[in-house]
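Summary of structural features
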Amino acid sequence: TTLLVTTFTLTLCFAAWFLPSAIVPKLNALGFTFTQSQLYWMAAMPGLSGGLMRLVWMVLPPIMGTRKMVALTTLLLLLPVLGWGFEVTNPDVPYWRLMALAFLAGIGGGAFSGFMPSTSYFFPRRMQGTVLGIQAGVGNFGVSLVQLLSPWLVTFGMFGFLGSQMMQVPGKESVVVWYQNSALVYIPFIVVGAIWAYIALRSVPVKANIKQQFDIFSNQDTWWMTLLYIMTFATFSGLSAQFGLLMSNLYGAGNPEIVQGAGATATLLI
């Protein structure tokens, strides 16, 4: 049960963490007027805040206990998910508010460093590698989930009470979309996950204060493993968060040079 609950909620954490990466590349097509630099910062912020928040979440399991930590963390996902669901419908929203929501999306990334050790408490050492591999592997599916589902979710009025948006991409016809769906669809799952965690999980009596846990920074192996982690998971998460925006700017209709080139080719053909 522990593995099921923590894996389910961790998947939601990763979906919330990468939600901005599915929305940011389309903001200007929805009527927003952000510069490329602002869009890239918006897509990068969840990764930056998630890295910082991992320093917080890594000390929470022995202080709060698994039950409270997982349940409360899952509830906190409502902040960025609800925020993006409502603000994406308003092209007049100021840049700083979307940056704040991008920062809050980092909660989903920070949770990783709390969920993994708290799950390991419940299994003998010989099983911990397998268990954590399953949790991390399936949990990372949240990244694919939000990227794959968003283009489909926005095509129908699931949450039509917030209105619809016209998405205009240069060189293509305008289409009606409901971009709030890409965020709000996760709300019931987050609520269910938080309640399930609070009811089903228990806390192992492991106690350690913050000073005791920060002793790892005096260990050389900590820094070598950190460097390895930056070169593996960090590069994967950073590139996947920026990839949609990068492809749009380099090869899509968002690149003015490509649009101009296409226009010149059409003129020559006529």
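Rules used in this analysis
Residues numbered from 1 in each chain as written. Predicted model: local features only at pLDDT ≥ 70, side-chain atom pairs only at ≥ 80, totals over all residues. Heavy atoms only, no water. Helix = DSSP H or I, 4+ residues; strand = E, 2+ residues; numbered from the N terminus. Rg over C-alpha atoms; globule rule 2.2 N^0.38 Å. Buried < 20%, exposed > 50% of the residue type's maximum accessible area, 1.4 Å probe, protein only. Contact = heavy atoms within 4.5 Å. Areas by Shrake-Rupley, 256 points an atom, 1.4 Å probe, with all protein chains shown as cover. Lys, Arg positive; Asp, Glu negative; His and termini not counted. Charge placed at Lys NZ, Arg CZ, Asp CG, Glu CD. Expected span 1.5 Å × (residues − 1). Bend = angle between axes of the 7 residues up to and from the residue. Polar contact = N/O pair within 3.5 Å; in protein donor to acceptor, adjacent residues only side chain to side chain. Phe/Tyr/Trp six-rings, centres within 6.5 Å; stacked < 30°, edge-to-face > 60°. Axes fitted to C-alpha atoms, helices over the stretch in contact; angles between N-to-C directions. Parallel < 35°, antiparallel > 145°, perpendicular 65-115°, else oblique. Left-handed = near helix turned anticlockwise from the far one by under 90°. Core = buried A, V, L, I, M, F, W, Y, C linked by side-chain atoms within 4.5 Å. Patch = residues over 30% accessible without salt bridge, like charges linked within 9 Å, V, L, I, M, F, W, Y side chains within 5 Å. Salt bridge = Lys/Arg side-chain N within 4 Å of Asp/Glu carboxyl O. pLDDT = per-residue confidence, 0-100.

1. Regarding the overall build of the protein
- Helix and strand content of the protein: 14 helices and two strands.
- For the protein, whose C-alpha radius of gyration is 21 Å, the value lies close to the compact-globule estimate of 18 Å for 270 residues.
- If one aligns the C-alpha atoms of the protein with their principal axes, the spans along those axes are about 75 × 45 × 30 Å.
- Considering the protein as a whole, with its 270 residues, one finds that 45% of them fall into the buried category.
- Of all intrachain contacts in the protein linking residues separated by at least 6 positions in sequence, the fraction that spans at least 24 positions is 78%.
- Within the structure as shown, the protein displays about 13800 Å² of accessible surface, and the carbon and sulfur contribution to it stands at 70%.
- Charged side chains in the protein number 11 positive and 6 negative. The centres of these two groups are separated by 21 Å.

2. Details of helix α13 (residues 220-251)
- Helix length check: α13 (32 residues) gives 43 Å between terminal C-alpha atoms against 46 Å at 1.5 Å per residue, within 8%.
- The sharpest bend along α13 comes to roughly 50°, located at F243.
- Of the residues making up α13, those classed as buried are T222, F233, S237, S240, A241, Q242, L245 and N249.
- Close packing links the buried residues of α13 with α1 (2-23), α2 (36-57) and α9 (141-153).
- Where α13 begins, one side-chain oxygen reaches toward the backbone nitrogen of D221, 2.9 Å away; that side chain belongs to N219.

3. A closer look at the packing of aromatic side chains
- The final tally for this structure, using the stated rule, is eight aromatic pairs.
- Ring geometry for F159 and F161: centres 6.3 Å apart, planes at 80°, overall edge-to-face.
- Using a relative accessible area of 63% as the deciding quantity, one classes F161 as exposed.
- Every member of this aromatic cluster is reached through a ring pair, and the members are F14, W17, F18 and F112.

4. A closer look at the packing of helix α4 (residues 66-76) against helix α7 (residues 112-120)
- Between α4 and α7, whose axes approach to 10 Å, the crossing angle comes to 150°. As far as their axial angle goes, α7 and α4 are roughly antiparallel. Of the two elements, α4 crosses α7, and the hand of that crossing is left-handed. Across the interface between the two elements, T66, M69, V70, T73 and T74 of α4 pack against G114, F115 and S118 of α7.

5. What about the nonpolar core?
- By size, the foremost hydrophobic cluster in this structure holds 64 residues, and its most contacted members are L27, M42, W84 and L98.
- Per-element tally for this core: the top contributor is α1, with 12 residues.
- Once you skip the residues sitting within four places of it in the chain, L27 turns out to touch F32, F34, L39, M42, V88 and L98.

6. Some points on a nonpolar patch on the surface
- Judged by side-chain polarity, I63, M64, L72, L75, I210 and F214 come together as a nonpolar surface patch covering roughly 490 Å² of accessible area.
- Counting only elements with at least two residues in the nonpolar patch, the list comes to α3 (60-64) and α4.
- Its place among the elements puts L72 in helix α4.
- By relative accessible area, L72 is classed as partly exposed at 45%.

7. Points about the environment of M69
- Within the secondary structure layout, M69 lies in helix α4.
- Note: C-alpha distance between M69 and E87 (18 residues apart in sequence) is 28 Å.

8. As for α1
- The terminal C-alpha atoms of α1 lie 32 Å apart, and with 22 residues this matches the ideal 32 Å at 1.5 Å per residue to within 8%.
- When the local axis directions of α1 are compared, the greatest deviation, roughly 35°, occurs at W17, which is followed within four positions by the proline P20.
- Judged by how many residues are buried, α1 sits mostly within the fold: 20 of 22 residues are covered.

9. Quick notes on the confidence of the model for the protein
- Counting all residues, the mean pLDDT for the protein is 84, and 92% of those residues have values of 70 or more.
- Mean pLDDT across the secondary structure elements of the protein bottoms out at helix α14 (residues 256-269), with 38, and peaks at helix α5 (residues 78-87), with 95.
- Across residues 256-270, where pLDDT falls below 50, the model places five contacts with residues more than four positions away in sequence or in other chains.

10. Notes on the environment of D215
- Within the fold, D215 resides in the loop between α12 (210-213) and α13.
- Taking relative accessible area as the criterion, D215 reaches 46% and is therefore assigned partly exposed.
- Taking the C-alpha atoms as reference, D215 lies 27 Å from S237; in sequence the two are 22 residues apart.

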